[in-house]
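Secondary and tertiary structure notes
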Amino acid sequence: MERRKILIATKTYPSISTKYKETVCTAGILLDEDEKSVQWIRIYPVRFRELEFDQRYKRWSIISAEIERNEKDFREESYRINDTSISVIREIGTKNNWEERKSFILPLQFSSIAEIQAQGKSLGIIKPKSIEKYFLKKTDREWSSKQKAVQDQGDLFEPSVNLEKIPYQFGYKFTEIDGVKHSYTISDWEISQLYRGCRNRSKSSALEEKENEAVSKVKQKLEDEFLSKKDLYFIVGNLKNHCKVFMIIGIFYPPKIAQKSEVQTLSLFDL
């Protein structure tokens, strides 16, 4: 393995693995020694909740870790990581409308899913031409019997995993610059945590009321706030066993910057 620097761009909500118990798929930017962007990278598996506290990297952290190409995964962006070697170097902030984050991410932007596929890639960032609709889908409330069995496994030195199943999927219907329409679910850990946090903070007594309140607040964030106030980009990736199936694994959402004409018009009325 080789020690490299990686900018963490997004993490998916943890999943149950028969081999690794609980894992997180992380997508980011492979950096050179001068912290210049090289390429998109997918690191898996990461047993995130088993990491030491100071190794639990946040989104937009630059980390150093030992990695190597995952020879069992044909996708060229896929790497294996020695998660015990992770060291967090620094975090990238949001100053000047996310200027530094943009400097890492946007040079590696693709025009469309079709361009990602045409270049033989499986991971990238795109900017939708338009977003037509936010949507919500109910999903299974419980893990499968096979996944439950994995959760229940444990020994004296490793307690059993307790990972909550999120009973909803959130997503966007959008159109790309080439006119192609998509309907993609979002697997971004941030969105799942937003739902869980809103539900847990609810003062309602009934679970159904708590969930409805949380779903409403997620909708408010993704539909009302994001679509009106954020300059949205989608970090997208495909599935290993279904290479034509993509999903949104992360949302890049710097604030919209008002055009000069808008600023001038506002200033006239503010005098």
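Heads up: these notes are all about the structure in this document. (Residues numbered from 1 in each chain as written. Predicted model: local features only at pLDDT ≥ 70, side-chain atom pairs only at ≥ 80, totals over all residues. Heavy atoms only, no water.)

Focus on the overall build of the protein
- Secondary structure assignment for the protein yields six helices and 12 strands.
- The long-range share in the protein, meaning contacts at least 24 apart out of those at least 6 apart in sequence, stands at 67%.
- Summing over all exposed atoms, the protein offers an accessible surface of approximately 15,000 Å²; the carbon and sulfur share of this is 49%. (Helix = DSSP H or I, 4+ residues; strand = E, 2+ residues; numbered from the N terminus. Contact = heavy atoms within 4.5 Å. Areas by Shrake-Rupley, 256 points an atom, 1.4 Å probe, with all protein chains shown as cover.)

Considerations on the pairing of strand β10 (residues 181-186)
- Inspection of the sheet shows strand β9 (residues 168-175) paired to β10 by six bridges, in the antiparallel sense. Bridging across to β10, Gly171 finds its partner in Thr185.
- Where β9 folds back on β10, the antiparallel hairpin that results is connected by five residues, among which Gly179 adopts a positive phi of roughly 90°. (Pairing = 2+ DSSP bridges.)

Considering the pattern of salt bridges
- Applying the stated criterion across every chain, the model contains 14 salt bridges.
- When the shortest N-O distance is used, the salt bridge between Arg59 and Asp188 registers 3.2 Å. Linking Arg59 in the loop between β4 (37-46) and β5 (61-69) with Asp188 in the loop between β10 and α4 (189-201), this pair joins segments that are 129 residues apart in sequence.
- With relative accessibility at 11%, the residue Arg59 sits in the buried group.
- Its relative accessible area of 2% is what places Asp188 among the buried residues.
- As a salt-bridge pair, Lys219 and Glu223 come within 3.7 Å of each other at their nearest N and O atoms. Of the two residues, Lys219 and Glu223 are both situated in helix α5 (residues 207-229); the distance of four residues between them amounts to about one turn of the helix.
- By sharing partners, the salt bridges in this structure join Lys5, Glu35, Arg90 and Glu100 into a single network. (Salt bridge = Lys/Arg side-chain N within 4 Å of Asp/Glu carboxyl O. Buried < 20%, exposed > 50% of the residue type's maximum accessible area, 1.4 Å probe, protein only.)

Examining unusual backbone geometry
- Phi at Glu35 takes a positive value of approximately 65°, unusual for a residue other than glycine.
- With respect to the helices and strands, the residue Glu35 is situated in the loop between β3 (21-31) and β4.
- Not every positive phi belongs to a glycine, and Trp98 is a case in point at roughly 65°.

Considering the packing of aromatic side chains
- Scanning the model with the defined rule gives 15 aromatic pairs in all.
- Both rings, one in Phe48 and one in Tyr57, keep their centres 5.1 Å apart while their planes meet at 75°; by these two values the pair is edge-to-face. Each member of the pair, Phe48 as well as Tyr57, is classed as buried.
- Between Phe48 and Trp189, the aromatic rings sit 5.4 Å apart at their centres with planes inclined by 75°, giving edge-to-face as the arrangement. A residue pair is termed long-range when its members are at least 10 positions apart, and Phe48 in the loop between β4 and β5 and Trp189 in helix α4 qualify at 141 residues.
- On the basis of relative accessible area, Phe48 is assigned to the buried category, the value being 10%.
- In this structure Trp189 comes out as buried when scored by relative accessible area, which is 13%.
- Three or more aromatic residues joined by ring pairs form one cluster here, namely Trp60, Trp98, Phe226, Tyr233, Phe252 and Tyr253. (Phe/Tyr/Trp six-rings, centres within 6.5 Å; stacked < 30°, edge-to-face > 60°.)

Remarks on helix α1 (residues 95-105)
- Turning to α1, its buried residues number three or more, namely Trp98, Arg101, Lys102, Phe104 and Ile105. Down the axis of α1, the buried side of the element spans an arc of 155°, and every buried residue falls inside it. Within α1, the exposed residues directed more than 90 degrees away from the buried face are Lys95, Asn96 and Glu99. (Arc of directions from axis to C-beta.)

What about the environment of Lys5?
- Position of Lys5 relative to the elements: it lies in strand β1 (residues 2-11).
- Given a relative accessible area of 18%, Lys5 falls into the buried group.
- In contact with Lys5, not counting residues within four places along its chain, are Ile29, Leu30, Leu31, Asp32, Glu33, Glu35, Ile62, Ile63, Ser64 and Ile89.
- There is a polar contact of 3.4 Å between the side chain of Lys5 and the backbone oxygen of Glu33. (Polar contact = N/O pair within 3.5 Å; in protein donor to acceptor, adjacent residues only side chain to side chain.)

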